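Chains, contacts and geometry: an overview
One-letter residues, chain by chain:
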Amino acid sequence: GAVVSQHPSRVICKSGTSVKIECRSLDFQATTMFWYRQFPKQSLMLMATSNEGSKATYEQGVEKDKFLINHASLTLSTLTVTSAHPEDSSFYICSARDTGAYGYTFGSGTRLTVV
Amino acid sequence: EDQVTQSPEALRLQEGESSSLNCSYTVSGLRGLFWYRQDPGKGPEFLFTLYSAGEEKEKERLKATLTKKESFLHITAPKPEDSATYLCAFSNNAGNMLTFGGGTRLMVKP
């Protein structure tokens, strides 16, 4: 089945630094990838939709200058949290849409802690 | 406005005690209704996709059904390893993305 690999699984960074999270589709090409944010005991909230070779589409209220998304190839999308602050601490999850039976496959998530 | 609501928010069951989780939705043009399982600290794991009212799908102790307004995830004789958060989500004809409900946290005690 379709597999999406997300790295790192956990990262701790200092306030004011930037962190990059990678999302790779391992066995299929993903023209569209999605980035979600999840707070404890809450559901997934879509942050942005990433399309290969074009600018990402951000959901209302998501700062595009803080959360930089790059989808440079059909198998890789990256999310960079710039000038991170403690309130950016959260669980970030990527997803890729494939044309197989599963439709949407999710990565294993990245726990970001900003200290 | 398209939306999806899950109930209950949390459910405690004894091992072997069957039950159902509810996902109520209002979608102008439903493309697919999805069920996922999520364990703590992990990404969602795909369970089922349903496309039209009347459709049913089964996998081990789980069975998903779909009507024009609701989807149910039936759990038959659950085991402790079924403990997880179950998420439903929809995609509509307007866009590519999934919209998630709030989830149901299921705890199955031995």
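Residues numbered from 1 in each chain as written. Chains lettered and ligands numbered in written order. Predicted model: local features only at pLDDT ≥ 70, side-chain atom pairs only at ≥ 80, totals over all residues. Heavy atoms only, no water.

From N to C terminus, chain A includes zero helices and 11 strands. Secondary structure elements in chain A, listed N-terminal to C-terminal, are β-β-β-β-β-β-β-β-β-β-β. Taken against the 2.2 N^0.38 rule, which gives 13 Å for 115 residues, the C-alpha radius of gyration of chain A at 13 Å falls within 12% of a compact globule. Taking the principal axes of the C-alpha coordinates as reference, chain A spans close to 40 × 30 × 20 Å. Pairs at least 24 apart in sequence give 54% of the contacts found in chain A among residues at least 6 apart. About 5700 Å² of surface is accessible on chain A, with carbon and sulfur atoms providing 52% of the total. (Helix = DSSP H or I, 4+ residues; strand = E, 2+ residues; numbered from the N terminus. Rg over C-alpha atoms; globule rule 2.2 N^0.38 Å. Contact = heavy atoms within 4.5 Å. Areas by Shrake-Rupley, 256 points an atom, 1.4 Å probe, with all protein chains shown as cover.)

Quick look at the interface of chain B and chain A now. If you look at the interface, chain B gives 20 residues, while chain A gives 17 residues. The three residues of chain B that bury the most area against chain A are N96, M97 and F100 of chain B, which together make up 30% of that side's buried surface. Element by element, the count of residues in the side of chain B that touches chain A is highest for strand β4 (residues 30-38) of chain B, at four residues. Class assignment of the residues belonging to the side of chain B that touches chain A gives a composition of nine nonpolar, eight polar and three charged. (Buried area = accessible area lost by both parts, 1.4 Å probe. Nonpolar A, V, L, I, M, F, W, Y, C, P; charged D, E, K, R; others polar.)

Residues and elements named next belong to chain A. Taking strand neighbours across the sheet as the criterion, the four strands line up as β1-β3-β8-β7 in an open arrangement whose pairing is antiparallel. Two strands bound the open sheet, and with one partner strand each, they are β1 (4-7) and β7 (67-73). Averaged over all adjacent pairs, the angle separating strand axes in this sheet is 15°, with direction ignored. For β7 and strand β8 (residues 76-81), the ladder comprises five bridges, and the chain directions are antiparallel. Paired with F67 across the strands is V81, a residue of β8. (Pairing = 2+ DSSP bridges. Axes fitted to C-alpha atoms, helices over the stretch in contact; angles between N-to-C directions.)

Residue and element names in this part refer to chain A. By the alternation rule, side chains of strand β3 (residues 19-25) split into V19, I21, C23 and S25, which are all buried, and K20, E22 and R24, of which none is buried. As defined by bridge partners, β1 adjoins β3 across four bridges and the pair is classed as antiparallel. Bridging from a neighbouring strand, V4 pairs with S25 of β3. Bridge analysis of β3 against β8 gives six bridges, and the strand direction is antiparallel. Residue pairing across strands places V19 opposite V81, the latter belonging to β8. (Buried < 20%, exposed > 50% of the residue type's maximum accessible area, 1.4 Å probe, protein only.)

The next thing to look at is the state of the cysteines. Residue and element names in this part refer to chain A. Going through the model one piece at a time under the given rule, you end up with two disulfides over all chains. Here C23 is linked by a disulfide to C94, with a sulfur-sulfur distance of 2.0 Å. When the S-S torsion is 80°, as for the bridge of C23 with C94, the disulfide is right-handed. With C23 in strand β3 and C94 in strand β9 (residues 90-97), the pair connects residues that are 71 residues apart, well separated along the chain. Here the two residues C23 and C94 agree in accessibility, since each one is buried. (Disulfide = S-S within 2.5 Å.)

Take unusual backbone geometry next. Negative phi values dominate among residues other than glycine, just as trans dominates among peptide bonds. Residues H7 of chain A and P8 of chain A are joined by a peptide bond in cis, for which omega reads -5°. Positionally, P8 of chain A belongs in the loop between β1 and β2 (10-13). Put simply, S7 of chain B and P8 of chain B share a cis peptide bond, and its omega is -10°. By the secondary structure assignment, P8 of chain B is in the loop between β1 (3-7) and β2 (10-14). For S83 of chain A, which is not glycine, the phi dihedral falls at a positive 45°. Position of S83 of chain A relative to the elements: it lies in the loop between β8 and β9. The backbone of A77 of chain B sits at a positive phi, close to 45°, despite the residue not being glycine. Within the secondary structure, A77 of chain B is located in the loop between β8 (70-75) and β9 (84-92). By relative accessible area, which is 34% here, A77 of chain B ends up partly exposed.

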